[in-house]
Amino acid sequence: MDNSIFIRNLVFKYTQLDGDFGLGPIALDIPKGNLILFHGLNGSGKTTLAKIITKHLTKNVIYDELIIPEKSFYYNQLIEENIFIELTVQEHLKLFSKQSVYKVNELFDLFPVFDELKDKYPDELSGGQKQLLSFCTIISKPFDMIVFDEIFNHLDKAISNLVLQIIKDELVNTRKMTVILIAHHYDFIKPFCELTVEFKNGLISNIE
Amino acid sequence: MNILNLNLIIDVLIYSLIPLGLWISFRIMRYPDLAIEQVFVLGGVIFGLISEFTTNPLAIVPFFIIASIILGILISFFRYRLSLNPIILSLIFSYIFFSLSLFLMGRPNLSLLEYYENNIPKNTLLVFALSILIVLSIAYHYFFKSNKGSKVIATGCNPDLSKRIGLQSFLHGSIGISMSYFIVMIGGALYSLKLRNADISYGGGFLLMSIFIVLICRLFINRISFIKNALAIIFATLIYTVILQFIISLNFPSELTRGFYAIMLLLLVIFSPKSKIKLF
């Protein structure tokens, strides 16, 4: 099958103090090795679906068919949760030296900004540098799919372009990985994406 | 150097193995190990039981390695596989280790006079304790600087991310806790060797002392460097022990010394910068 994700009639419901919320029914086909954009208002269901397809949410999920990649990663918006505060930049990059897709020097080539920062700890880096470090650590692992939830929030324009370029050229085109970007401000991302999925009130309202 | 001073230095070297072990579990693994006193006692008990068969220190060490690996795997299973609350887990294991020590000894204490008929010369004990500290510090320092060591540190400081990126948190958690327990059990063994006796009550007060010392060192040393922290811990243990001796020499009621240190610890936590004292 050429699809990375194949979903039919997926429904997810949960209860909060102020009422019941839900997602679906959802039907979605995402081909392998594509860059996908999920967008929509807060609470529209894009993050919930992202967590389901990366196996972060498994309870109360009902479906007729659900095919998702074996090795996936959900990159959330909280930078501190995506880094190891006790490891230097260099130690982060060396962490997967054996099973990493890239050698350490290749990572330094991809992200020359880390050359001067290799002995620094995350608490000595700016928010953007931390985000870049966690991005760099995570893409070293051989995942089939990564969902980046608001990854561009703390990045300036130049670094955002670098990250987007690496996602498109390295992850999607070269490694044939499926990458989903969740973003509120997506104008500069949209031209790079093969598919754009819009969410509204827990449903997919539009696919382009 | 008179005997009292030599005694004090030997005590400091032995005692410092406990906060050093706690530093690994507390600071690196983010596991606030309330069972550390009982691990210390267990070290003494295992030492006592093995002494029946051999008094060769090199033959005894493998037993501590095996015991610490078993306990490390056990704790790591509950901590990383079943995601149990670390404080509750360490409290439960504190009682389990206490019972285990009693069960192994079959009574509250075990005399080692039969196996070590003569008092161990102070100089021998000093060299022994110092050598162990130096060898362990260097070995642990280079381990934590290695890629495997980085994975243990990563598992300790962010277990959730470690799991998500497939870092084998159970394995690396086991390594971290085992290393902590090995060092503490060696301390227990040295203490029992010095007193030629293993006793269920030997751990009393060491948890308080260790937390105090680990927190003090956290204030001054921000990074995980084993040798730097080991030196700081030995120095802090020396200060702690000297103050304790001084207080006792002033005829301060001995039953109040733990209360005194508990209040000192409370003041330390209250008045330290929050960013520094925060361990988790």
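Just above sits the structure.
(A) Focus on the overall build of chain A. Tallying secondary structure elements over chain A gives five helices and 10 strands in all. The C-alpha radius of gyration of chain A comes to 17 Å, within 12% of the 17 Å expected for a compact globule of 208 residues. Taken along the three principal axes of its C-alpha coordinates, chain A extends 50 × 40 × 30 Å. The burial tally for chain A puts 49% of its 208 residues in the buried class. At a minimum sequence separation of 6, the contacts of chain A that also span at least 24 residues come to 70%. Here chain A has roughly 10100 Å² of accessible surface; of this, 49% comes from carbon and sulfur atoms. Taking the average place of the 21 positive charges on the side chains of chain A and the average place of its 28 negative ones, the gap between the two points comes to 4 Å.

(B) Representation of helix α3 (residues 36-51) of chain B in the model. Look at α3(B): 23 Å from first C-alpha to last across 16 residues, which is about the 22 Å you get at 1.5 Å a residue. In terms of burial, α3(B) is largely enclosed, as 15 of its 16 residues are buried.

(C) Just the nonpolar core, in detail. Among the nonpolar cores identified, the biggest contains 126 residues, and A:F114, A:F148, A:I167 and B:Y181 are the most heavily contacted of them. In terms of residues, this core owes the most to one element, helix α9 (residues 169-195) of chain B, which gives 12 residues. Setting aside its immediate chain neighbours within four residues, A:F114 contacts A:V89, A:L93, A:F108, A:Q129, A:L132, A:L133 and A:C136. If you look at the next biggest cluster of nonpolar residues, it comprises 23 residues, including A:I26, A:L28, A:I52 and A:L195.

Cut-offs applied
Residues numbered from 1 in each chain as written. Chains lettered and ligands numbered in written order. Predicted model: local features only at pLDDT ≥ 70, side-chain atom pairs only at ≥ 80, totals over all residues. Heavy atoms only, no water. Helix = DSSP H or I, 4+ residues; strand = E, 2+ residues; numbered from the N terminus. Rg over C-alpha atoms; globule rule 2.2 N^0.38 Å. Buried < 20%, exposed > 50% of the residue type's maximum accessible area, 1.4 Å probe, protein only. Contact = heavy atoms within 4.5 Å. Areas by Shrake-Rupley, 256 points an atom, 1.4 Å probe, with all protein chains shown as cover. Lys, Arg positive; Asp, Glu negative; His and termini not counted. Charge placed at Lys NZ, Arg CZ, Asp CG, Glu CD. Expected span 1.5 Å × (residues − 1). Core = buried A, V, L, I, M, F, W, Y, C linked by side-chain atoms within 4.5 Å.

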